[in-house]
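The chain contents come next:
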Amino acid sequence: MRLSQLPWTTLKETPAEAEVVSHQLLLRAGLIRRLTSGIFTWMPLGLRVLRRVEQVVREEMDRAGALEVLMPAVQPAELWQETGRWERYGDLLLRIRDRHERDYCFGPTHEEIITDLARRELRSYRQLPVNYYQIQTKFRDEIRPRFGLMRAREFVMKDAYSFHLDQDSLDTTYAAMAQAYTRIFRRLGLRFRTVDADSGEIGGSRSQEFHVLADSGEDAIAYCDADGYAANVEMAPTFPPAAPRPAPAAALARVATPDSRTIEEVSALLRTAPARCLKTLLVEAADGGLVALALRGDHNLNAVKAERLPQVARPLAMATAERIRAVTGVPTGFAGPVGLDVPLIVDHAAAALADFVAGANAEGFHHTGVNWGRDAPEPAVADLRNVVPGDPSPRGGALEIARGIEVGHIFQLGDKYSQAMHATVLDQDGRERIMTMGCYGIGVSRIVAAAIEQNHDAQGIVWPAPMSPFDVTLLVLNPKNSDAVTAAAGALYLQLQEAGLEVLLDDRDARPGVKFAEADLLGIPHRLVIGERGLKEGLVEYRRRRDGAEEKVASSDAVAFLVRQLAATDPG
Ligand code: ATP
Ligand code: MG
């Protein structure tokens, strides 16, 4: 592609609406443009990146035996009513009405559509297993669309759905998908981890996520390289402390803490470490009342674990200040286990405390020297908190925590949808059997953003070679000044293409400084510069984007040199 023929506008300034670096760089490099909140246009250079990602995904899905289809984006409400998700899916679902007043949605996912297709198309166990996939536009009316392509409303997903007669067959396809995903992210040149995951709204049993590792990731991942364990922090269990609870040593005392409500304020005032303070959180209970969840002050509540408790309302809802005052008679910030009159569930680590600080259930007061069994009843205990670095891994090692961006998710759905929609086949004995299902998603457009979050520097994007919009950029210095330079660049441009490389020729009439800066911003892994002085000596200048390594190369050897560079940087 000749840049002189592309209306390409880059931005020097960081757009104010862009909080994360991928969003900033995608806008600055002119790869996407915002239409409205969470909805973007892919510009010519950006679309090339998206297409490259799609291509790798498609090749690996095909290799794994999945069959590509393309389902409609607009879905009739009736199918969603069959599974009960028309009501349950909530406000993420963009609902549409047609001229006949019939209800539809713009698909946020396709379980209902594929299950309807399968119950019509599949008759016999002989047709199983089958795994259909598509690469398609989804719409989710996210509450806070943000971070550009990372959490968009309209985005591109690869979704696949498999159908089986039994669990063994599902296990086989699930394993093949896990392997295909590993190949995809490896081929794309991304650093990633596969983690155990919560299966969330989609339901079902086994589930794993694939995370691109980046400090800006919204998810926290707990892992131990020594024993191979990795899970979303949502899922990683904690265990009761090995050491027994110390015996009480201090007397219970009531102290005035008029302006101290948070753990930080209370621990600072009373000169007690947050780890020796009890954090008592009031949440809505399943029975319509409130339930108290208590943790060590230095630990954080895990919403997924809390929601699994039968006493707790789903979805998890923190009690409002008014509710807390109405039910306990005390303002927020002073709840504690001594004399509390709502049910209390305590995290393992908090249940192992002795002589701790807690709210006194009276405005402006806390207790010190609190002990379970003496001052408050022996508590009901559960795993309520997020793991922290150093916590034991379920496989015996010690956990570390990293940040990740979820780019893929695979689930075993079981019969959740096939049962609700009566998707059956006839088995060997001619009996009707409900099919078992798996589903497998990849955030294709999110991968583009995640790759930038992981691969950038102060100058701009540093594409992993397999995702770059071009293999190489050929930069011509002052083309207007020299016909010889223009001719040589044109010839090299053709030779590189003949060697199978995708080349961006910067033949614009622009200042060299602008061209260099924009090449760095765009982040193509390899750059060749051709200018008058070098040409006289028969040389072109090579520069590698990632580490800035430079080399002067004989013009005659430039093509072979680049082919070697490309082979060296291709992770596939
Ligand atoms: P998240 O937890 O990030 O909201 P999810 O678990 O709801 O995502 P899935 O239903 O598992 O998403 O969808 C499959 C993949 O689609 C996700 O792994 C993610 O990469 C991508 N994805 C989901 N929501 C968005 C979004 N709003 N914008 C871009 N990509 C998304
Ligand atoms: Mg998910």
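So, how was this worked out
- Here the residue numbers are simple positions, counted from 1 along each chain's written sequence.
- Just so you know, chain letters begin at A and ligand numbers begin at 1, following the order they were written in.
- In keeping with the predicted nature of the model, local features appear solely for residues at pLDDT of at least 70, side-chain atom pairs appear and are counted solely at 80 or more, and the whole-chain, interface and lining totals rest on all residues.
- Side-chain calculation: all heavy atoms of the structure are included, whereas hydrogens and water are not.
- Elements are defined by DSSP. Helices are runs of H or I of four residues or more, strands are runs of E of two residues or more, and each kind is numbered from the N terminus.
- Only protein chains enter the accessibility calculation, which uses a 1.4 Å probe. A residue is then buried if its area is under 20% of the maximum for its type, exposed if over 50%, and partly exposed in between.
- As a rule, the C-alpha atoms of each element are fitted with a line to give its axis, helices using only the stretch in contact, and angles between N-to-C directions run from 0 to 180 degrees.
- In this scheme, roughly parallel covers angles under 35 degrees and roughly antiparallel covers those over 145, while 65 to 115 is roughly perpendicular and the rest are oblique.
- Should the near helix be turned anticlockwise from the far one by less than a right angle, the crossing is termed left-handed; should it be turned clockwise, right-handed.
- Contact criterion: two residues are considered in contact whenever any of their non-hydrogen atoms come within 4.5 Å of each other.
- Side-chain classes follow a simple rule in which Ala, Val, Leu, Ile, Met, Phe, Trp, Tyr, Cys and Pro form the nonpolar group, Asp, Glu, Lys and Arg form the charged group, and the remainder, Gly included, forms the polar group.

Engineer: Break down the side chain of Ser207 for me, with residues and values.
Structural biologist: Structurally, the position occupied by Ser207 is in strand β10 (residues 207–213). Judged by its relative accessible area of 6%, Ser207 is buried.

Engineer: So what about the packing of helix α13 (residues 483–498) against helix α16 (residues 558–569)? Which residues, and what values?
Structural biologist: One can describe the packing of α13 onto α16 by two numbers: an axis separation of 10 Å at closest approach and a directional angle of 45°. What the angle tells us is that α13 and α16 run oblique. Crossing angle aside, the handedness with which α13 passes α16 is right-handed. Within the contact between the two elements, α13 uses Leu492, Gln495 and Leu496 and α16 uses Ala558, Val559 and Leu562. Tallied by class, residues from the contact of α13 with α16 come to 5 nonpolar, 1 polar and no charged.

Engineer: A description of unusual backbone geometry should follow, citing residues and the corresponding values.
Structural biologist: The amide bond that connects Leu128 to the next residue, Pro129, takes the cis arrangement and shows omega of -5°. As for its placement among the helices and strands, Pro129 is situated in the loop between α5 (111–121) and β7 (130–139). With a phi close to 65°, Glu101 is a non-glycine residue in the positive phi region. What makes Glu101 exposed here is its relative accessible area of 56%. Positive phi values are uncommon outside glycine, yet His422 reaches one of about 50°. Its location among the elements puts His422 in the loop between α11 (416–420) and β21 (424–426). For His422, a relative accessible area of 46% translates into the label partly exposed.

Engineer: Requested: an account of the environment of Arg140, with residues and values cited.
Structural biologist: Secondary-structure assignment places Arg140 in the loop between β7 and β8 (154–164). C-alpha of Arg140 to C-alpha of Phe155: the two residues are 15 residues apart in sequence and 8.4 Å apart in space. Setting aside anything within four residues of it in sequence, one finds Arg140 in contact with Tyr89, Leu92, Pro108, Thr109, Ala152, Arg153, Phe155 and Met157.

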